[in-house]
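Inside the fold
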Amino acid sequence: MQDATRNTLAEGRAPLWSRENLKRVTAAAPIVRPMVKYVPKNPVFLLGAIAVGVVGTLAWRNRQKIAERARPLIDDAAARARPMLESAASKGEALRDRLPLGRRSETDPASSI
């Protein structure tokens, strides 16, 4: 048992019952408590939690593929949003120029745009 603890600590991993792991477990307790209360009455909660866990695990394992396939969609959305952002910036500058001089201050964040 001593050798196993030394090896895990040497590899940079904390043992299973370390203080950090116990903090994580106690932090999850408020989430688990309602599940323990309602799951026996309605097992759909448990089935939903299992489904979310499976989908999350699959998404995590395939995150590189998802990122590669989503990149063109994200780039396209950014290209379509750029003209809208530029027109909004020009409208904002025009509005700022129309404000009376007494209302604009040097500490105004909009004055630095």
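Each chain has its residues counted from 1, running along the sequence as written. Only residues with pLDDT of at least 70 get local features here, since the model is predicted, and only at 80 or more are side-chain atom pairs given and counted; chain-wide, interface and lining totals rely on the full set of residues. Note that water and hydrogens are dropped before the side-chain values are worked out from all heavy atoms of the structure.

**Re the overall build of the protein chain**
To keep it simple, the criterion reads: Per the convention used, a helix needs a DSSP run of H or I reaching at least four residues, while a strand needs a run of E reaching at least two, with both numbered from the N terminus. Exposure is judged per residue with a 1.4 Å probe applied to protein chains only, and the accessible area is read against the type maximum: over 50% gives exposed, under 20% gives buried, and values in between give partly exposed. The Shrake-Rupley method, run with a 1.4 Å probe sphere, supplies the accessible areas, and residue values consider only the shown protein chains as cover.
In terms of regular secondary structure, the protein chain is built from four helices and zero strands. In sequence order, the secondary structure elements of the protein chain are arranged as α-α-α-α. Residues classed as buried in the protein chain amount to 4% of the 113 residues present. A total accessible area of about 10,400 Å² is found for the protein chain, and carbon and sulfur atoms account for 64% of it.

**Points about a nonpolar patch on the surface**
Our working rule: Residues enter patches when they are more than 30% accessible in relative terms and free of salt bridges; like-charged ones are connected within 9 Å and nonpolar ones (Val, Leu, Ile, Met, Phe, Trp, Tyr) within 5 Å. The salt bridge definition used is simple: a Lys or Arg side-chain nitrogen within 4 Å of an Asp or Glu carboxyl oxygen.
A cluster of nonpolar side chains, contributed by Leu46, Leu47, Ile50, Val54 and Leu58, occupies part of the molecular surface with about 450 Å² of accessible area. Among the structural elements, Leu58 can be located in helix α3 (residues 44–61). Accessibility expressed as a relative area gives 44% for Leu58, which makes it partly exposed.

**A closer look at the pattern of salt bridges**
Across all of its chains, the model carries two salt bridges by this definition. Ionic pairing is found between Asp75 and Arg71, a salt bridge with its closest N-O pair at 3.9 Å. Of the two residues, Asp75 and Arg71 both sit in helix α4 (residues 63–98), four residues apart, roughly one turn of that helix. Residue class for Asp75 comes out partly exposed when judged on its relative accessible area of 43%. Arg71 sits in the partly exposed class, given a relative accessible area of 45%. When the shortest N-O distance is used, the salt bridge between Asp76 and Arg80 registers 3.4 Å. Here Asp76 pairs with Arg80, and both are found in helix α4, just four residues apart, close to one helical turn. Residue classification places Asp76 among the partly exposed residues on the basis of a relative accessible area of 39%. Assessed through its relative accessible area of 55%, Arg80 is described here as exposed.

**Re the confidence of the model for the protein chain**
Condition: How sure the predictor is of each residue is captured by pLDDT, a score from 0 to 100.
Residues at a pLDDT of 70 or more form 73% of the protein chain, whose mean pLDDT is 78. Taken element by element, the protein chain is modelled with least confidence in helix α1 (residues 2–10), mean pLDDT 52, and with most confidence in α4, mean pLDDT 92.

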